[in-house]
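# A structural walkthrough
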Number of protein chains: 2
Amino acid sequence: MAKTLAVSPLAPASFPDLPVIDGVRFASVAAGVRYQGRTDVMLAVLDPGTSVAGVFTRSATRSAPVLDCQSKLGGDPEPGAAILVNSGNSNAFTGQRGQMSVAELTRATGEIAGVPEARVFTASTGVIGEPLPHDRIIAKLDALKTALIPEGISDAARAIMTTDTFPKGCSRQVEIDGKTVSIAGIAKGSGMIAPDMATMLVYIFTDAKVEQGALQGMLSKLTDRTFNCITVDSDTSTSDSLMLCATGASGVDATGNGEFQTALHEVMLDLSHQVVRDGEGATKFVEIQISGAANDADAKTHAMAIANSPLVKTAIAGEDPNWGRVVMAIGKSGAAADRDKLSIWFGDVLVAENGWVNPDYVEADAAAHMKQQELLIRVDLGIGDGTSTVWTCDLTHGYIDINADYRS
Amino acid sequence: MAKTLAVSPLAPASFPDLPVIDGVRFASVAAGVRYQGRTDVMLAVLDPGTSVAGVFTRSATRSAPVLDCQSKLGGDPEPGAAILVNSGNSNAFTGQRGQMSVAELTRATGEIAGVPEARVFTASTGVIGEPLPHDRIIAKLDALKTALIPEGISDAARAIMTTDTFPKGCSRQVEIDGKTVSIAGIAKGSGMIAPDMATMLVYIFTDAKVEQGALQGMLSKLTDRTFNCITVDSDTSTSDSLMLCATGASGVDATGNGEFQTALHEVMLDLSHQVVRDGEGATKFVEIQISGAANDADAKTHAMAIANSPLVKTAIAGEDPNWGRVVMAIGKSGAAADRDKLSIWFGDVLVAENGWVNPDYVEADAAAHMKQQELLIRVDLGIGDGTSTVWTCDLTHGYIDINADYRS
């Protein structure tokens, strides 16, 4: 069973007050899928006309719910939609039986929510390889229907947690044409206990009106700058899902609106950072900034090589300004680099340039930066104008504790 | 300073008796490059006519000695050759000064060894970013020359260690045309202490006669099946070097000889496994076998995704037969896979097939396998005939201890 973990030292002080999003109602329930004494299923029911966009794991072994959701994207928004999420069991690598569970859940949920099965999206997170006891969830659908309220989003954020050490939420409001448009999102990830996986689930809702194709395009573009720029341990879940639903209930069309896109970007960035802050064993939140690469793709390759390097991550855990490991990570990344043109900073401290340590470098300065909880590692490749920023955490004994020492 | 580490539990019982290789003499000395109270420089002098082949790190930030060696490969074997290696300082990321140090060392070594500078190969391993005190090494060259003996290879194996917990050697002898041909090799890697890097250095000597171009071809081919199939933590040193020298002193031409190649393969495989067995914090030696992939390249991609996954490696440390993480690693690797066609074994225990857990699977059987010190994880993709085998170790608290907690 999941062991209770101490709340991450990088957690926000408290869960934010999220605004009600007109056009969506939430309910949560304790179905006993695996966990006892806590909620483990959430239902969101979306009004007719809601646009739904989604991005999912690229894993070749993705779960049955993910495959089902992907097949349903782009469907007619007219009849509304529903999202059903359970924690405790991921219904991943469960063969034909897993697909059957998804079919049963989407059929039954569609019935109680009054939407066609083709507009019911599900996600499951938790232990893998065990049959999902979908009957336990179906037995609670009437209770879920009765409990649906517009204010239920914070309870939903808790119901989708597995071994997260804190619930994750974020919101923004923007004025468009004199009217207020709201965006509110919740996420789970990436605490975990063997044999669970660090699945990331994210659900974002807005009362703006955005045409479905435009919504999908915006979501995909902003995902590349937010959730695709975070890494805890380089491993990728079979179940990662991110859905964005625009109910249109505000009556404000935000298609193509820059302020709306900025606000959505902020919500996605904040939620993605919260996932890193709940990384297993994390004690440091680290931003990696790359500039001067041959192109943006190379910059991201370098950034991810640094962010995923066990040697860099353990050095950060040890508060060691070990710039040699940053050089190593750049060298191994496969992207273009010239040893004698790169510069490295820890925070504002220039550590290395011109192929050698900065002659004015004083290790105590960099060591002082490393003692902070929020760190910046900056590298300029000096060969082009490609840039990238990614976020990660350190690699600590806590990670080993969570993933090796505790058996399920 | 380097802290003394306990010898790896995966270490061989003792250092092997290595045969004398006619045509090469070794010497070791304590030059105080960084370490005190131990040898830290080795010199090997190779008779005229010795073929020299080498493979080196592909890092874009490779060290000055590596760049120098690469520029010298393929030179005329007639005048003989020399190899000078120091531990304690890697002369990596040391700018123009690093290149000057290499020039000084190769010039002075050529003089005392009686070979042209163009046939002097050097390597340095240890702390990076600090100027190599090459004067300390040059001051010991006369003593090294005096100490040269054919029997000095085991002392050389110790002189090149950094924070290795045991010296590494291996040999084979084969009969060709009624004569005995010998191969003996030494290696260092991959224990380390910040801010050192897990540099791997390997030197293999044979008294067989092999034409230089053929020797290089054989070395490159066999490296792909041995040293390029091991991983401790996915990080790549700026200094990795592997050199193979054929003195020809046996008078036996082994060019194109299958038995010789097999023996060389065995020496390289054994040394590469010893490097894994000295992986930081390693408590398990793990073979990953992939079959049924779309092609060999895909098979290796899958194998390395499993071998480098922190979640797989921590599960192994915890003796947890966590096949879900193997599924995850295959899914994220980017190589072709079909969730419903793959099969997974831990040792001889069939864990999963047909997209789900094997119905006859008993976790206790797989858990018993995981308790062993030498593990096998086998995956058949079921979609082609591509195969690959790689070797790795687990990810433990010891890795964090070595790389985060101890400061240099």
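Every chain begins its residue count from 1, and numbering advances along the sequence as written. Each chain gets a letter, beginning with A, and each ligand a number, beginning with 1, in the order they are written. Residues qualify for local features only when their pLDDT is at least 70, as the model is predicted, and side-chain atom pairs are given and counted only at 80 or more; totals for whole chains, interfaces and linings, by contrast, use all residues.

## A short note on the overall build of chain A
Convention followed: By definition, any uninterrupted DSSP run of H or I lasting at least four residues is a helix, any uninterrupted run of E lasting at least two residues is a strand, and each is numbered from the N terminus. With C-beta atoms placed from the backbone, a residue is labelled by how many other C-beta atoms lie within 10 Å of its own: buried for 20 or more, exposed for 12 or fewer, partly exposed between the two. Two residues form a contact once the distance between their C-beta atoms, set from the backbone, is within 7 Å.
Of regular secondary structure, chain A possesses twelve helices and 16 strands. Referenced to the eigenvectors of the C-alpha coordinate spread, the extents of chain A come out at roughly 70 × 55 × 35 Å. Every one of the 408 residues in chain A was classed for burial, and the buried ones make up 62%. Across chain A, every contact between residues at least 6 apart in sequence was considered, and the portion connecting residues at least 24 apart equals 82%.

## Here we look at the relation of the copies chain A and chain B
Applicable threshold: Here the copies are superposed with least squares, the fitted atoms being C-alpha atoms of residues at a pLDDT of at least 70 in both.
Overlaying chain A on chain B yields an RMSD of 0.0 Å, the required transformation being a rotation through 180° with an accompanying axial translation of 0.0 Å. In symmetry terms, the pair is related by a two-fold rotation axis. Judged by C-alpha distance, A:His397 is the residue of chain A that lies nearest the rotation axis, at 3.0 Å. Both copies present the same face, since 100% of the interface residues in chain A are matched by interface residues at the equivalent positions in chain B.

## Points about the nonpolar core
For clarity, the threshold we go by: We define the nonpolar core as any set of buried residues of the types Ala, Val, Leu, Ile, Met, Phe, Trp, Tyr and Cys, connected via C-beta atoms lying within 7 Å of each other.
A:Ala44, A:Ala82, B:Ala44 and B:Ala82 are the most contacted members of the largest nonpolar core, which has 268 residues in total. Discounting chain neighbours no more than four positions away, the residues touching A:Ala82 are A:Leu43, A:Ala44, A:Val45, A:Leu46, A:Thr109, A:Gly110, A:Ala113, A:Val115, A:Arg119 and A:Val120.

## Things to note about the domain arrangement of chain A
All names here are of chain A. Going by this rule: These domain limits were set by an automatic method or by a database of domain assignments. Gly is put with the polar residues, along with every residue not named as nonpolar or charged; the nonpolar set is Ala, Val, Leu, Ile, Met, Phe, Trp, Tyr, Cys and Pro, and the charged set is Asp, Glu, Lys and Arg.
Looking at chain A, the domain boundaries give domain 1 (24-277) and domain 2 (285-405). Counting residues at the interface gives eleven residues for domain 1 and eleven residues for domain 2. Within the residue set of the side of domain 1 that touches domain 2, elements represented by two or more residues are β9 (230-231) and α7 (258-277). Top element by residues in the side of domain 1 that touches domain 2 is α7. It accounts for three residues. Residues belonging to the side of domain 1 that touches domain 2 are distributed by class as follows: seven nonpolar, three polar and one charged.

## Some thoughts on the sheet that holds strand β1 (residues 24-29) of chain A
All names here are of chain A. The line we're drawing: Two strands are counted as paired when DSSP detects at least two bridges linking them. For helices, the fitted axis covers only the stretch in contact; all axes are lines through C-alpha atoms, and the angles between them, taken along N-to-C directions, range from 0 to 180 degrees.
The strand order β1-β2-β4-β5 describes an open sheet built from four strands, whose pairing is mixed. One side of each edge strand has no neighbouring strand; the edge strands of this open sheet are β1 and β5 (120-127). Neighbouring strand axes in the sheet, compared pairwise and without regard to direction, differ in orientation by 10° on average. The sheet contact formed by strand β4 (residues 81-89) and β5 spans eight bridges and is parallel. If you follow Ala 82 over to β5, its bridge partner there is Val 120. On the sheet, helix α2 (residues 95-113) packs against β2 (41-46), β4 and β5 and is oriented at approximately 130° with respect to β5.

## With respect to the sheet that holds strand β3 (residues 51-56) of chain A
Residue and element names in this part refer to chain A. An order of β3-β10-β8-β7-β6 is seen for the five strands of this open sheet, with the pairing classed as mixed. Strand pairing shows two members of the sheet lacking a second neighbour, β3 and β6 (168-176), which therefore form its edges. Between one strand axis and the next, the sheet turns through 10° on average, direction left out of account. One ladder, built from nine bridges, connects β6 with strand β7 (residues 179-188); its direction is antiparallel.

## Overview of the pairing of strand β7 (residues 179-188) of chain B
Residue and element names in this part refer to chain B. Along β7, eight of the ten residues are buried, which leaves the element largely enclosed by surrounding structure. Counting the residues in the hairpin turn of strand β6 (residues 168-176) and β7 gives two residues, including Asp 177, whose phi is positive at 55°. Across six bridges, the pairing between β7 and strand β8 (residues 201-206) is antiparallel. Its bridge partner being in β8, Lys 188 is matched across the sheet by Leu 201.

## What about helix α6 (residues 212-225) of chain A?
Residue and element names in this part refer to chain A. Threshold: Expected helix span is taken as 1.5 Å per residue step, with the number of steps being one fewer than the number of residues. Note that the arc is computed from the directions linking the helix axis to the C-beta atoms.
Given a rise of 1.5 Å per residue, 14 residues ought to cover 20 Å, and the 20 Å separating the end C-alpha atoms of α6 matches this to within 8%. Listed as buried for α6 are Leu 215, Met 218, Leu 219 and Leu 222. Down the axis of α6, the smallest arc covering the buried residues is 100°, so these residues share one side. Those residues of α6 that are exposed and aimed more than 90 degrees away from the buried face are Gly 213, Lys 221 and Asp 224. Where α6 is buried, its residues touch β3, β10 (241-246) and α7.

## So, the interface of chain A and chain B
Each partner contributes to the interface: chain A provides 49 residues, whereas chain B provides 51 residues. Listed by contribution, the elements that provide at least two residues to the side of chain A that touches chain B are α9 (310-317), α10 (323-332), β14 (356-357) and α12 (397-405) of chain A. Looking at the side of chain A that touches chain B element by element, the count peaks at six residues for α10(A). Class assignment of the residues belonging to the side of chain A that touches chain B gives a composition of 20 nonpolar, 20 polar and nine charged.

## Some thoughts on the environment of A:Gly169
Residues and elements named next belong to chain A. For Gly 169, the location among the structural elements is in strand β6. Along the chain, Gly 169 and Ile 204 lie 35 residues apart, while their C-alpha atoms are 9.4 Å from each other. Discounting residues that sit within four places of it in the chain, Gly 169 has contacts with Phe 15, Pro 16, Leu 18, Ser 154, Ala 157, Gly 185 and Ile 186.

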